[in-house]
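A structural walkthrough
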Amino acid sequence: MSLNQKNILVTGGAGFIGCHLVKHLVNKYPNYTIVNFDKLTYAGDLANVAEIELSSNYRFVKGDICDYDFVLETFRRYEITDVMHLAAESHVDRSISNPFEFIQTNVMGTACLLQAASISWGEGYSREDHMFYHVSTDEVYGSLGAEGLFHETTAYDPRSPYSASKASSDHLVRAYFHTYKLPVVISNCSNNYGPNQYPEKLIPVVIKQIIDMRPIPVYGKGENIRDWLFVQDHVEAIDLIFHKGQVGETYNVGGHNEWQNIELVHKMCAILDKKLERKQGESASLISYVTDRKGHDLRYAIDSTKLQAELGWKPSMQFDEKLEMTIDWYLNYFNA
Ligand code: NAD
C-alpha cells in the first residue's frame, strides 16, 4: 500500500464526535478508505453520516467492539492499516447508574481493538504503516480547584465510573505501546459542543427544555466549570495528531474557553429568547436547580500548549458564533 493510501477503522463513527470525524476524513482524503465500525447504540445514528454514505471511500460495519472475533475478521476483511478509536459509552450520569456497561465497552472493547491491531499488524512496522489513535477525555485527570490546568503529565485521578473506564483504556493503550511496540497516540480532550450530539448532554438538553418551555435542570448551584471546544476543532486536532503526532505520546486538546454551567445556561437562554421571539428573561425563568450529581467534579481546564507549540493546532476561539450556529442546528433538528 502506498504512503497516501490507508484503510482506517473509525470506531463510534455514528456518534457525536465520530460522525464529524468520519465526514471530515471521507471528504478530505479520497485515497483513504474509511470504515465506520459502530454498534448503533442509543447514541449512534446513521442519519449523522447520511451525507457521505454513498461516497466510494466510505464503508459502514455494524458491530460491537467487544466482539473480538468479529473485530479481528473486520481487520482482515478491510485490510485495516490504522485505527481511530472513539466508540464508548460516554454519558457520566449513565455510568453512575450502570457502571458495568461502561467497563465492558470502554475497557474490554478497547482491549479487543488493541489485541486485534497487534495480531493483525505484527511487529516491526513503521509509523507510516500503522497507527492506533485513542480518543480520550480530560476527565481522567480528576477535578481542579479554582486555579491550575491539566497537563499531559498530570497524574490520573478519575472520579466517576465513566472517567475510570476511560483512564483504564488509556493505560491499556500505553501498555500495548510498551509491551508489543504497537504504534499508538492518545489525545485527552475537554467538553465538545456542536451539532449531532445525543440530546442527553447539557447543551442539547437546555435547548430542548427551552423550546418546550419546561424546567431546565441545573446540577447543584451550577458552579461547576467546563472548558468547551467546538467539535470541528477537535476533529482537526485528531487529524493533525494522527498524521504528525509522535508515537507513544499524549496530547491535551482544549478550547481555553471555561464557563460555569450556570453562566453557559444563561447565555443560551438569552440567545434563545431572541431566536424564539420571547420576552427577555423568559427562558431563564425555567432554570431549576436539582440535586447535584454524585461526585460531581468541580472544574476541568486543559493546557493544550504542547499540541499548539509542537503541531501548530489552534482552537477557533469564536464561542458566541459557534454556540449560536449549534443552537440553530438544534432548533432545526427539534423542528422549533
Ligand atoms: P457518543 O456517545 O456520542 O457516541 C459513541 C458512539 O459509539 C455511538 O455511535 C455508539 O453507537 C458507539 N458505540 C458505543 N458502544 C459501542 C460498542 N460496544 N461497539 C461499537 N460502537 C459502540 O460519544 P462522543 O461524545 O462522540 O464521544 C466519542 C469519544 O470521544 C468517546 O471515546 C469519548 O470518551 C471521547 N470524548 C468525548 C468528549 C465529549 O465532549 N463528547 C470529550 C472528550 C472525549
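Summarised in this report is the structure supplied together with it. (Residues numbered from 1 in each chain as written. Predicted model: local features only at pLDDT ≥ 70, side-chain atom pairs only at ≥ 80, totals over all residues. Heavy atoms only, no water.)

**Concerning the pairing of strand β6 (residues 184-189)**
Along β6, six of the six residues are buried, which leaves the element largely enclosed by surrounding structure. Of the two faces of β6, the one holding Val184, Ile186 and Asn188 and the one holding Val185, Ser187 and Cys189 are both buried throughout. Where strand β5 (residues 131-137) lies against β6, six bridges are found, and the strand directions are parallel. Paired with His134 across the strands is Ile186, a residue of β6. Here four bridges tie β6 to strand β10 (residues 250-253), and the two strands are oriented parallel to one another. Looking at the pairing, Ile186 lines up with Thr250 of β10. (Buried < 20%, exposed > 50% of the residue type's maximum accessible area, 1.4 Å probe, protein only. Helix = DSSP H or I, 4+ residues; strand = E, 2+ residues; numbered from the N terminus. Pairing = 2+ DSSP bridges.)

**Re the packing of helix α2 (residues 68-77) against helix α4 (residues 99-121)**
Geometrically, a packed helix pair is captured by the angle between its two axes and the distance between the axes. Where α2 meets α4, the closest approach of the two axes is 9 Å, and the angle between their N-to-C directions is 40 degrees. With respect to α4, the element α2 is oriented oblique. The two elements α2 and α4 cross, and the hand of that crossing is right-handed. For the pair α2 and α4, the contacting residues are Tyr68, Val71, Leu72, Phe75 and Arg76 in the first and Cys112, Leu113, Gln115, Ala116, Ala117, Ile119, Ser120 and Trp121 in the second. (Axes fitted to C-alpha atoms, helices over the stretch in contact; angles between N-to-C directions. Parallel < 35°, antiparallel > 145°, perpendicular 65-115°, else oblique. Left-handed = near helix turned anticlockwise from the far one by under 90°. Contact = heavy atoms within 4.5 Å.)

**Quick word on unusual backbone geometry**
Despite not being glycine, Glu79 shows a phi value in the positive range, around 45 degrees. Along the chain, Glu79 falls in the loop between α2 and β4 (82-85). A positive phi angle, close to 55 degrees, is found at Met213, a residue other than glycine. As for its position among the elements, Met213 is in the loop between α6 (202-211) and β8 (216-219). Taking the relative accessible area as the measure of exposure, Met213 reaches 37% and is therefore partly exposed.

**Concerning the pattern of salt bridges**
Within the structure shown, the criterion is met by eleven salt bridges. We note a salt bridge from Asp212 to Lys208, for which the minimum N-O separation is 3.1 Å. Owing to a relative accessible area of 35%, Asp212 belongs among the partly exposed residues under this scheme. On the basis of relative accessibility, which here comes to 30%, the residue Lys208 falls in the partly exposed class. The partner of Glu249 in a salt bridge is Lys306, with the nearest N and O atoms 2.6 Å apart. Separated by 57 residues along the polypeptide, Glu249 in the loop between α7 (231-244) and β10 and Lys306 in helix α9 (residues 305-311) bring together distant segments of the chain. By relative accessible area, Lys306 is classed as buried at 17%. What emerges from the salt-bridge pattern is a single network uniting Lys275, Glu324 and Asp328. (Salt bridge = Lys/Arg side-chain N within 4 Å of Asp/Glu carboxyl O.)

**Considerations on the packing of helix α1 (residues 16-28) against α7**
Close contact between α1 and α7 brings their axes to 9 Å; oriented N to C, the two are set at 55 degrees. Judged on the interaxial angle alone, α7 and α1 are oblique. The handedness of the crossing between α1 and α7 comes out as right-handed. Contact with α1, carried on its side by Phe16, Ile17, His20, Leu21, His24 and Lys28, involves Val231, Gln232, His234, Val235, Glu236, Ile238 and Asp239 of α7 and no other residues of that element. Across the contact of α1 with α7, the residue classes break down as six nonpolar, four polar and three charged. (Nonpolar A, V, L, I, M, F, W, Y, C, P; charged D, E, K, R; others polar.)

**Digging into the site of the ligand**
Around the ligand there are 28 residues in total, and Ile17, Asp38, Ser90, Tyr162 and Lys166 lie nearest to it. At a separation of 2.8 Å, an oxygen atom of the ligand approaches a polar backbone atom of Ile17. Contact distances for the ligand include 3.0 Å between an oxygen atom and a backbone N or O atom of Thr41. Bound to the protein, the ligand loses 96% of the 840 Å² it would expose on its own. (Near = heavy atom within 4 Å. Polar contact = N/O pair within 3.5 Å; in protein donor to acceptor, adjacent residues only side chain to side chain. Areas by Shrake-Rupley, 256 points an atom, 1.4 Å probe, with all protein chains shown as cover.)

**Digging into helix α5 (residues 161-180)**
For α5, with 20 residues, the first-to-last C-alpha span of 28 Å sits near the 28 Å given by 1.5 Å per residue. Those residues of α5 not exposed but buried are Tyr162, Ser163, Ser165, Lys166, Ala167, Ser169, Asp170, Val173 and Tyr176. At the exit of α5 stands Lys181, carrying a positive phi of roughly 60 degrees. (Expected span 1.5 Å × (residues − 1).)

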